[in-house]
Amino acid sequence: MEIEVTSKKVFLVLRNEIAPSEQRIEIIPRLKSVLQHWTSGTRVSPLWAIKEFAVCKTTRCMFNGPHILLFIGPVSSIRALSNFKKASRPGNCNAWVGVGAFNLVVRFDANEEGTEASRLLIFWANENKVPYERWQVEDGCIKQIEAKPLISHQQNNTLKNIEAFSPKKGLDPSLTLHANEFYVLMVSAMARSKNFPTKISENLSIIFSEMEEDIEGSKQADSQTITNVRASLVLMNSALSRFSSQTFSGISPITSTSCHLATHSLLGTGTANLALDCLVGTIVASLGSALLPERVIALKSLESNFKTYDELSSHKNFINDDCLGKITLENKKDNSIIPLLTYFSGREGYSSHLQTLSAPPSSIAYADSYSVNILTVTHELSHIVVEGILAYLYPEPNDKIAIEKIADILSKVKGIETKFDEAQRLLMEAFIVIEQDSMREKIYAHNIDADLVSYLIKKWRKSVKEIIVHTFDYLYFFQNDPKSYVYSIWNTWCSIPGIGDRIEEYVLRTLCAISSGQLHNTPEQRYEETRKILIEVLEELSGDQTITTDYALTAKKYLLENWNDIKDSWNSRIDLVRLVSGYFYSKTITADLLSDSLIGSGKTGYSKKRGIFDEITIENPLRFTRAYLQKNLCERDSLWLLHNVAFCCDEKASKE
Amino acid sequence: MTAFTGYLLVADESIGDITVELLEKGWYCSNKSESLLKYSGSFQDLSLWETYIFSSKYFFTEDKTPELLGPPYHYRVVCARSGRKLIVLTELRKITDHLISRLDETITPNLRKVHFCIDDLITGFSNSNSKYQTTSLRGRIKDDTRNLRTISLYGTNVIDSPVFREHHNLFNFYSCGLGYSGFPEMPYGEEREIVRLGTDGVIYLRSFEKWRVCEFQKIIKQVIRDRYVESWVPLYSGGDR
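Starting afresh in each chain, residues are numbered from 1 along the sequence in its written order. Key to labels: chains lettered from A, ligands numbered from 1, both in the order written. Reporting in this predicted model follows two pLDDT cut-offs: at least 70 for local features of residues, and 80 or more for side-chain atom pairs to be given and counted; totals over whole chains, interfaces and linings ignore these cut-offs and use all residues. By convention in this description, side-chain values take in all heavy atoms of the structure and omit both hydrogens and water.

1. Looking at the pairing of strand β2 (residues 37-43) of chain B
The side chains of a regular strand alternate, first on one face of the sheet and then on the other. Residue and element names in this part refer to chain B. Sheet topology note: the β2/strand β3 (residues 46-56) ladder contains five bridges and is antiparallel. Bridging from a neighbouring strand, Tyr 39 pairs with Tyr 52 of β3. The pairing criterion is simple: DSSP has to find at least two bridges between the two strands. Numbered from the N terminus, helices here are DSSP runs of H or I no shorter than four residues, and strands are runs of E no shorter than two. Counted between consecutive antiparallel strands, the loop separating β2 from β3 contains two residues, among which Gln 44 sits at a positive phi close to 50 degrees.

Okay, here's the thing in structure tokens:
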């Protein structure tokens, strides 16, 4: 079975009236009309009508007369409706799809036919353990509510060991408030998560255990540790609060919950949160199980083919070596992947910390558009992975012996012995060369000491990390497709206000990232080819009417007018590009990351049609989303993509 | 001999076992009764296999003569029913696709297409104890670069080749042909192939010789039993044969 939704959305509006005390529901075609009569008790959510169910006219629907409104979810709408026999479907019933936890909304006339049809759909929901809520509505007023959560309070044994959620004694006073907040937020999230796929509550349990360990570890710890734990708690509490508000609002009882994302305040964004969680979870599981930091450490056991830095920096073949992919890790430690807590945040946009990741709310509306697509999370995920690897390549700031060793290597006192040394050498040489380029002054080997190394690491660490992250993201997630990468990343940057003063930095990052695919060329060929691609895409973006900022034009102008200086800066960072290409990137690991055993022939390998909801399963939401990115901004298409990622991923495949 | 293309379909639990009556009548369509398929007897005296005639107002084959006679056009459909499972095959994929879209209109919940997990299937059948060999593979590169997109391999035992062994982990295979290793006198390649299965659920049967059909049935049973299908596909159902 296939269903199609209309491209035009409508708004389901709930009004909590005070005098007389009643709750009113209606469907309004335009948000402007909703706003005109907004009161403190008004809540709203967008819905898209299913064409096969007698499309509701796009005029106001005030539910005159008796109606039954059924909210079902989270579930694949097609799965629910395909079991709704056509013969038993009343002629006058409507159905809508939304991004909330109750993502399927069905309206029946409250006559014999409609009542029987609603009863059949409820029967299906009960049989298939899908939560629902049934409203009886008369002349727009909610008369009766019948709710059926998945698990009743009595059956909810997630919280059986309630002591685990109790605030701990012996904590530093500066942590108590944040820890208490954490426990309340977590126990609330766990309680509500039982109406969702089990993966949500499993992930919350793992996150809880990790934080608990940190909180316990802070007892009688030094002040730095306590500060770190406090920072973690603050971030986690903020993330948990948003996560719960978005994912679990719009569950039963609908009228009592509210989502902080204003245009989704009635039914929340549960489906979108499930989709984000699925996408991020797939990537984390794949890259996490690849154990990249451990593989980089394992390079210490591989002998180097190069004895000097000059040999290392001039050789090309090591780039195709896939030394990381060839490593077999002995005694793989039991490394349960720690899931990330994902949520939408207007303030933070795309942002990541050790255990949390956010995406902007605009990625709900335009998840499949080049400008704000949900795949921009790969950059944030790249940050997390790269941090993990760099933790082993960088010396500890207070480790004088390690810093002196690096100074020895850089001053050529010590040579390169292992592949790990090669990687560390490329990283540390980059600091020297970047500083030379910045100061327009040569740094001689005999001037390199531990103090200089410490100073350079502090000064350039952030900038170096960004180059590495961008190159990592480009190689792993954009598969060395420069046009697609430049288009995507600059489209995203162009939609962020207030970054005009960072254009030069962004140009440099882009050039570095895409030059990783050009390392086999001579430097001159590399410069020309990379520059050409960047100018071409910036030209295209400059002429794009949907982009309201002039960053693309500014970037192009900067590139053309300052080419020689840019070339020098770019060249000074080329060792970072070589580092990622040769020691952080693996073709084998990328193949696993992008593998989809359900893929077929054709242009994209997927037979799904945009906008058509079907039962075809997918395995890899990352690959699927990339295949369906588009230039257009269309909320209906975004809904379709989120629905597929949230509900059509084959569990068997994703478990593996 | 004619090749046949089709799918393996599974009925929802609420429908139960697939019967001749269900295929012939389904649900009555809107206001008029219309037989979708007409049972026409067993197929080539093969147990399990039945012939139906599918009548459609659309013309699909390349032979223009019937077109001149006008609709309805009649197409031969070969089916095998087993409990809630149904294999439906016709001489052209577009006929099968059209038939299934018509079945969707008359049977609710719809019969669901089974998709085959080809990567898992290749791994499973590469076991040296298996009597089947891989005669063809079509795959797509995992990291989908512009430089290389797809690969096609043909032979007697493709997965035993150096090319496959060295590079298979770079590809997701979406089509796999299986041949019987027990006929060494057969020419290698296409003649040896019993069936080709695809991730999109397509079943391609080169011809309906008795030995080929028998082996095909065994292959399908093994594919379901060893779970080279999506997780929702039932292992056993009702009156499985």
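2. Brief notes about empty space enclosed by the protein
Residue and element names in this part refer to chain A. Here a cavity means grid points, on a 1 Å grid over the protein atoms only, where a 1.4 Å probe fits yet cannot get out; a pocket means an open set of points with protein on both sides within 12 Å along at least five of seven lines; lining residues are those with an atom within 4 Å of a point. Grid points are joined across faces, edges and corners, and a volume is the space filled by probe spheres set on the points. Summed over all chains, the structure comprises four cavities of 30 Å³ or more. Taken as a whole, the largest cavity holds about 50 Å³ of empty space. Along its surface, the largest cavity is lined by Ile 200, Asn 203, Leu 204, Ile 207, Phe 243, Asp 277, Leu 340, Leu 341 and Thr 342. Counting residues per element, the ones that place at least two in the lining of the largest cavity are α5 (198-217) and β9 (341-344). Per-class residue counts for the lining of the largest cavity are six nonpolar, two polar and one charged. Amino acids outside the nonpolar list (Ala, Val, Leu, Ile, Met, Phe, Trp, Tyr, Cys, Pro) and the charged list (Asp, Glu, Lys, Arg) are all regarded as polar, and Gly is one of them.

3. Side note on the environment of Phe 54 of chain B
Tracing the sequence through the fold places Phe 54 of chain B in strand β3. Expressed as a C-alpha distance, the spacing of Phe 54 of chain B and Thr 108 of chain B, which sit 54 residues apart in the sequence, is 19 Å.

4. Structural notes on the pairing of strand β10 (residues 193-198) of chain B
Residues and elements named next belong to chain B. Buried means the residue's accessible area, taken with a 1.4 Å probe over protein chains only, is under 20% of the maximum for its type, while exposed means over 50%, and partly exposed covers the values in between. Most of β10 sits out of view: six of its six residues are buried. Across five bridges, strand β9 (residues 171-180) lies against β10 in antiparallel orientation. By the bridge assignment, Gly 179 is partnered in β10 with Glu 193. Direction of pairing for β10 relative to strand β11 (residues 203-205): antiparallel, over a ladder of three bridges. Following the sheet pairing, Leu 197 is matched in β11 by Ile 203.

5. A short note on the state of the cysteines
Residues and elements named next belong to chain B. When two cysteine sulfur atoms lie within 2.5 Å, the pair is treated as a disulfide. A full pass over the atoms with the stated rule returns zero disulfides over all chains. For the unlinked cysteine Cys 117, the closest cysteine sulfur is that of Cys 176, found at 12 Å. Accessibility expressed as a relative area gives 5% for Cys 117, which makes it buried.

6. As for the confidence of the model for chain A
Residues and elements named next belong to chain A. Residue-level confidence of the predictor is summarised by pLDDT, bounded by 0 at the bottom and 100 at the top. On average, residues of chain A score 86 in pLDDT, and 91% of them are at 70 or above. Taken element by element, chain A is modelled with least confidence in helix α25 (residues 651-655), mean pLDDT 46, and with most confidence in helix α24 (residues 635-647), mean pLDDT 95. Low pLDDT, under 50, characterises residues 652-656; the stretch is placed with six contacts to residues that sit more than four places away or in other chains. Whether two residues touch is decided by their heavy atoms; if any such pair falls within 4.5 Å, the residues are in contact.

7. Re the interface of chain A and chain B
Each partner contributes residues to the interface: chain A has 34 residues there, and chain B has 29 residues. Basic side-chain nitrogens of Lys or Arg form a salt bridge, by our definition, when they fall within 4 Å of a carboxyl oxygen of Asp or Glu. One can count two salt bridges joining chain A with chain B. For Arg 112 of chain B, the salt bridge is made with Glu 615 of chain A, and the minimal N-O distance between the two is 3.8 Å. Its residues assigned to classes, the side of chain A that touches chain B shows 10 nonpolar, 14 polar and 10 charged.

8. Description of the nonpolar core
What is meant by a nonpolar core is a set of buried Ala, Val, Leu, Ile, Met, Phe, Trp, Tyr and Cys residues, joined one to another through side-chain atoms within 4.5 Å. By size, the foremost hydrophobic cluster in this structure holds 188 residues, and its most contacted members are Leu 427 and Trp 490 of chain A. In terms of residue count, helix α15 (residues 450-477) of chain A provides more of this core than any other element does, 15 residues in total. Ranked by size, the runner-up nonpolar core spans 44 residues in total, among them Leu 8, Ile 151, Leu 205 and Ile 219 of chain B.

9. Overview of the packing of helix α16 (residues 482-494) of chain A against helix α17 (residues 503-515) of chain A
Residue and element names in this part refer to chain A. Between α16 and α17, whose axes approach to 11 Å, the crossing angle comes to 160 degrees. For the element pair α16 / α17, the angle class is roughly antiparallel. Here α16 runs over α17; the crossing is right-handed. Contact residues: Pro 482, Tyr 485, Val 486, Trp 490 and Trp 493 in α16; Ile 503, Tyr 506, Val 507, Thr 510, Ala 513 and Ile 514 in α17. The residue inventory of the contact of α16 with α17, partitioned by class, reads 10 nonpolar, one polar and no charged. Geometry is summarised by axes, namely lines fitted to C-alpha atoms with helices restricted to the contacting stretch, and by angles between N-to-C directions that run from 0 to 180 degrees. For this classification, under 35 degrees means roughly parallel, over 145 means roughly antiparallel, 65 to 115 means roughly perpendicular, and everything else is oblique. Crossings are assigned a handedness: left-handed for a near helix turned anticlockwise from the far helix by less than a right angle, right-handed for a clockwise turn.

10. Considerations on the sheet that holds strand β10 (residues 351-352) of chain A
Residue and element names in this part refer to chain A. Read from one edge of the open sheet, three strands run β9-β11-β10, paired in mixed fashion. Of all strands in the sheet, those with a lone pairing partner are β9 and β10, marking the two edges. Where β9 meets strand β11 (residues 356-359), four bridges bridge the pair, whose relative direction is parallel. For Phe 344, the partnering residue across the bridge sits in β11 and is Ala 359. Across the face of the sheet, helix α6 (residues 223-247) comes into contact with β9 and β11 while running at roughly 65 degrees to β9.

11. Thoughts on the confidence of the model for chain B
Residue and element names in this part refer to chain B. When the pLDDT values of chain B are averaged, the result is 83; 85% of them are 70 or greater. Segment residues 28-33: pLDDT under 50, and two contacts once partners within four positions in sequence are set aside and those in other chains are kept. This prediction of the complex comes with two scores: 0.88 for pTM and 0.78 for ipTM.

12. Observations concerning helix α7 (residues 270-290) of chain A
Residues and elements named next belong to chain A. Here the expected span of a helix is defined as 1.5 Å times the quantity of residues minus one. In a regular helix each residue adds 1.5 Å, so 21 residues correspond to 30 Å; α7 covers 30 Å between its end C-alpha atoms and thus fits that length. The buried count for α7 comes to 16 of 21 residues, which makes it a mostly enclosed element. Backbone geometry just after α7 places Leu 291 at a positive phi near 50 degrees.

13. Digging into the packing of aromatic side chains
Residue and element names in this part refer to chain A. Pairing of aromatic rings covers Phe, Tyr and Trp, the last counted by its six-membered ring, and requires centre-to-centre distances within 6.5 Å; plane angles under 30 degrees mean stacked, over 60 mean edge-to-face, and any other angle means tilted. Per the stated rule, a full pass over the model turns up 35 aromatic pairs over all chains. For the ring pair Phe 472 and Tyr 476, a centre distance of 4.5 Å and an interplane angle of 35 degrees mean the geometry is tilted. Placement of the pair is Phe 472 and Tyr 476 together in helix α15, with a separation of four residues, close to one helical turn. Where Tyr 527 meets Trp 570, the ring centres are 5.1 Å apart and the plane angle is 65 degrees; that geometry is what we call edge-to-face.

14. Here we look at unusual backbone geometry
Cis geometry is found at the peptide bond from Gly 73 of chain A to Pro 74 of chain A, where omega equals 0 degrees. By the secondary structure assignment, Pro 74 of chain A is in the loop between β4 (66-72) and α2 (77-82). Here the residue pair Ser 252 of chain A and Pro 253 of chain A is connected by a cis peptide bond, since its omega of -10 degrees sits within 30 degrees of zero. Summarising the element assignment, Pro 253 of chain A is placed in the loop between α6 and α7. Notably, Arg 227 of chain B is not glycine yet its phi reads approximately 65 degrees, a positive angle.

15. Concerning the packing of α15 of chain A against α17 of chain A
Residue and element names in this part refer to chain A. Running from N to C, α15 and α17 point in directions that differ by 45 degrees, and their axes come no closer than 8 Å. With respect to α17, the element α15 is oriented oblique. α15 and α17 meet at a crossing whose hand is right-handed. Contact with α15, carried on its side by Glu 466, Ile 467, His 470, Thr 471 and Tyr 474, involves Leu 508, Arg 509, Cys 512, Ala 513 and Ile 514 of α17 and no other residues of that element. Classifying every residue of the contact of α15 with α17 by side-chain character gives six nonpolar, two polar and two charged.

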